[in-house]
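# Residue-level structural notes
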Amino acid sequence: MSIRVLPDVLVSQIAAGEVVERPAAALKEILENSLDAGATDIEIELEQGGVKRIRVSDNGVGILRDELMLALTRHATSKIASLADLEQVASLGFRGEALASIAAIARVQLTSRSADSDQRGAEHAWILQAEGGRLSSPAPAARATGTTIDIQDLFFNTPARRKFLKTEATEYAHCAEAVRRLALANPQVAFTLTHNGRVQLRLNVEPAALRVRQVLGEAFEHDTIAVEAAAGTLRLSGWVIRPGAAAASRDSQHVFVNGRYVRDKLIAHALKEAYRDVLHHQLKPAYCLFISLPPDLVDVNVHPAKTEIRFRDGRGVHQFLFHAVERLLSAPVAAHSDPAAAEPPATTVVRSAWASPQQTAMPLQVNEAMRFYAPLGATATAPAARPDPAHDSPPLGYALAQLHGVYVLAQNAQGLVLVDMHAAHERVVYERLKAALDSRAVPAQTLLIPVALTVDPRDVAEIGPHLDPMRDIGFDLSVTSPTSVAVRSVPWLLKDADPVELTRAVLAEVAEFGVARLLAERRNELLATLACHGAVRANRQLTLPEMNALLREMEATERAGQCNHGRPTWFQVSLRELDSMFMRGR
């Protein structure tokens, strides 16, 4: 078979396979053109999930009559003119092939009126028809300044492609998601989405926080923490999910780079690592993040769909994102206090003031937290207003009782706090072990009588050459025979734990991963295992001073909201919720 040059229409149809894989891809390209044209009001009409019809109207700057045919020509664009423009492109579109590709596989009607009244033909709108890549001449039309593009019968001349489309509901869901993504990045633009004659989404011009609430829901807004960070020319803003509210799906993961929605493995890995120490098992974080940096530091010309990018300094961006989010998630409880949670419930009942309990020395290893609070005075004898949460009670309040030997019940200004004492103390011990190991100052508790235990000969052979590194984490072991070791000291923070169980836990990790890898790559996993053994156990009866000391230590500990395995350590039940349970004020 001889080599031949393909016809332009066939070339456009082939290109459409990359650019227009489904109706949502065509809609995304059209919406990006509207945004690049400076539109502040965009109306989208869909029929049959976008397969039958996609109609987009905007109030942008419009297109001149003499440029209408060029708009539907391959590789024709107003966005760039040179390689220098391409290397620092700031517009959403720039390739100049989307409209031509769409016109090659659909029936397209393009109507536009230019805002440039000085140009010939700008006194009214012009309309251009295209069918399967064949263009008509522009004709006069009536329209205000802006552009309307009407796409009908997508893939009408490529039936093989049409067979791969999903159901109408599925295709509409993809189109709606494309609209929501662009709406998130452009709160200064109003969007109206109609499907089969019914309005499905109406968004007015609004602040970014309100747009996020409208698009992602109130639950997302309630369960996220705002993030703001900067380093040099890098800027990060947006919202990340609280670890306790993470879900198993990736549906609510939105990242925008210079206003462009992207799916980037480097960004996803940085955020995954930031959450690694606080997420339970296979839960996935949710986030809506906006990254801005100079256009010449990011390459968006990687894929025709323009959702894949490359950073010039990928490692720098990775570290910036990781530290910004990890630092936010690491903040102690006090840093995440929610002023809205302190609002009084909708009831007129006046509660009595209360005073903090007095405390004495605490055997639990958290008595340093005593400095966080002091007696608040004598108990009031007459009804008074609720204490001011900013001055009268710490974030986690003061302990009331222990429930079934597992949970600590505490009262703070917002209401009731429920704490899983083992999980909470596990996180406290874990963070202390990490801090001690980072400073290379892990204190050891020498045992009065060394403990001997029988172990697998393979474990003895593995640990034998690494006894000095084990001392760095507080374990002084000696090999007494090919099948036994003696434990002479354990980390001081774990001195109340069973030394035999502790040593067996370490040896089990050694058997699976080896000492070198365990002390390097899996250091945190080892410390988490040790903290689990060293934490206070369920069914241990704590005194009120011990419970209060644990609460104070939680307030001063990073990531105290989750245990080492990502499970929540405490929950807040507000007075409003309690009043609602008992139907007070109704």
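Residues numbered from 1 in each chain as written. Predicted model: local features only at pLDDT ≥ 70, side-chain atom pairs only at ≥ 80, totals over all residues. Heavy atoms only, no water.

### Regarding helix 11 (residues 314-330)
- The end-to-end C-alpha distance of helix 11 is 24 Å, a good match for the 24 Å that 17 residues give at a rise of 1.5 Å each.
- Counting buried positions over the 17 residues of helix 11 gives 12, a clear majority of the element.
- Among the residues of helix 11, Gly314, Val317, His318, Phe320, Leu321, Phe322, Ala324, Val325, Glu326, Leu328, Leu329 and Ser330 are the ones counted as buried.
- At its buried positions, helix 11 is contacted by strand 10 (224-231), strand 11 (234-241), helix 10 (265-275), strand 14 (287-292) and strand 16 (310-311). (Helix = DSSP H or I, 4+ residues; strand = E, 2+ residues; numbered from the N terminus. Expected span 1.5 Å × (residues − 1). Buried < 20%, exposed > 50% of the residue type's maximum accessible area, 1.4 Å probe, protein only. Contact = heavy atoms within 4.5 Å.)

### Looking at the packing of helix 12 (residues 421-438) against helix 17 (residues 523-534)
- Running from N to C, helix 12 and helix 17 cross one another at 135 degrees; their axes reach a closest spacing of 8 Å. As far as their axial angle goes, helix 17 and helix 12 are oblique. The chirality of how helix 12 crosses helix 17 is right-handed. Counting all contacts with helix 12, which are made through His422, His425, Glu426, Val429, Tyr430, Leu433, Lys434, Leu437 and Asp438, the residues of helix 17 involved are Arg523, Asn524, Leu527, Ala528, Leu530, Ala531, Cys532 and Gly534. (Axes fitted to C-alpha atoms, helices over the stretch in contact; angles between N-to-C directions. Parallel < 35°, antiparallel > 145°, perpendicular 65-115°, else oblique. Left-handed = near helix turned anticlockwise from the far one by under 90°.)

### Considerations on the pairing of strand 18 (residues 407-412)
- Residues of strand 18 alternate between two faces, with Val408, Ala410 and Asn412 buried on one and Tyr407, Leu409 and Gln411 left unburied on the opposite face.
- Of the pairings in the sheet, the one linking strand 17 (residues 398-403) to strand 18 comprises 5 bridges and is antiparallel in character. Residue pairing across strands places alanine 399 opposite alanine 410, the latter belonging to strand 18.
- Between the antiparallel neighbours strand 17 and strand 18 lie 3 residues, among them histidine 404 with a positive phi of about 55 degrees.
- Here 6 bridges tie strand 18 to strand 19 (residues 415-420), and the two strands are oriented antiparallel to one another. Counted as the bridge partner of tyrosine 407 is aspartate 420 from strand 19.
- Count of turn residues in the strand 18/strand 19 antiparallel hairpin: 2 residues. (Pairing = 2+ DSSP bridges.)

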